[in-house]
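Here is what each chain is made of, one letter per residue.
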Amino acid sequence: FPVTISPTGLREVIAVAAGRGCSLALTKSGQVVAWGYKLSMPANLQDVIRISAGASHSLALTKSGQVVAWGDNSDGQINLPSGLIDVVQISAGWNHSLALTNSGQVVAWGRSDEGQTNIPTNLSEVVQVSAGFSHSLALTKSGKVVAWGGIIVTGKQIGRAHV
């Protein structure tokens, strides 16, 4: 992928996200600006409060708690699960995604060849999620970090982590 630079005229940017070949910027007015690879953003995307970029897909979270996904869908990474509402945080991984709802529920979708979307059954009191290459992380209210999926250390997979 060629190196891309930010578009001219970007103003009042409050958040950025970088994917494999694309970049996103979120403006103070809730608009998303995308550049690079896979630019097919949904029409009328507005009132966005969070953004996240994966390998070849992107996510946006609106003020109303709705998740919007676009880009490559070869592993179902933009097929949002039905009933996904009241979302407060999103994270796009390599080819999977995570969402955290207002009630603390973690929702995952997309590629799961290493179990990265197989949420541990005893996971509770989650305050933050993060999707990686082939693993997922959750931070609980008590400060405990929970990992699942393929675990990679310094470029080498060392196994699978589960709660």
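Every residue gets a number counted from 1 within its own chain, in the order that chain's sequence is written. Confidence filtering applies because this is a predicted model: local features only for residues at pLDDT of at least 70, side-chain atom pairs given and counted only at 80 or more, and all residues used for totals across whole chains, interfaces and linings. With hydrogens and water set aside, each side-chain value is computed from the structure's full complement of heavy atoms.

Visitor: Explain the pairing of strand β7 (residues 87-92) to me, please; I cannot follow it from the model alone.
Guide: Burial classes follow relative accessibility: with a 1.4 Å probe on protein chains only, a residue under 20% of its type's maximum area counts as buried, one over 50% as exposed, and anything between as partly exposed. Labels follow the DSSP assignment, with helices taken as runs of H or I lasting at least four residues and strands as runs of E lasting at least two, numbered in each case from the N terminus. Of all six residues in β7, five are buried; the element is thus mostly enclosed. Pairing analysis gives five bridges linking β7 to strand β8 (residues 96-101), with the strands arranged antiparallel. By the bridge assignment for β8, Ile90 is matched with Ala99. Pairs of strands are assigned from DSSP output, requiring at least two bridges between the strands. Connecting β7 to the antiparallel partner β8 that follows it, the hairpin turn spans three residues.

Visitor: What should I look at first to understand the sheet that holds strand β3 (residues 32-36) in this one?
Guide: Backbone hydrogen bonds are what pair the strands of a sheet, in a parallel or an antiparallel way. With antiparallel pairing, three strands are arranged side by side in an open sheet as β1-β2-β3. Bordering the open sheet on either side are β1 (13-18) and β3, each of which pairs with just one other strand. Neighbour-to-neighbour, the strand axes of the sheet open up by a mean angle of 15 degrees, direction not taken into account. Two strands pair when backbone bridges link them, and strand β2 (residues 22-27) and β3 are joined in this way by five bridges, in the antiparallel orientation. Pairing of Ala25 across the sheet is with Val33, part of β3. To obtain an axis, a line is fitted to C-alpha atoms, over the contacting stretch when the element is a helix, and the angle between two such axes runs from 0 to 180 degrees between their N-to-C directions.

Visitor: What exactly am I supposed to notice about the pattern of salt bridges here?
Guide: Side chains that differ in charge, positive against negative, can pair when their charged atoms come close. Throughout this description, the term salt bridge denotes a Lys or Arg side-chain nitrogen within 4 Å of a carboxyl oxygen of Asp or Glu. Scanning all chains against the criterion turns up two salt bridges. Arg111 is the salt-bridge partner of Asp75, the closest N and O atoms lying 3.9 Å from each other. Taken together, the residues span a long stretch of sequence, with Asp75 in the loop between β6 (67-71) and β7 and Arg111 in the loop between β9 (106-110) and β10 (126-131) at a distance of 36 residues. We classify Arg111 as partly exposed; its relative accessible area is 33%. Note that Arg111 is salt-bridged to Asp113, the shortest N-O span being 3.3 Å.

Honestly, that's just the spatial picture; any functional story needs more than this.
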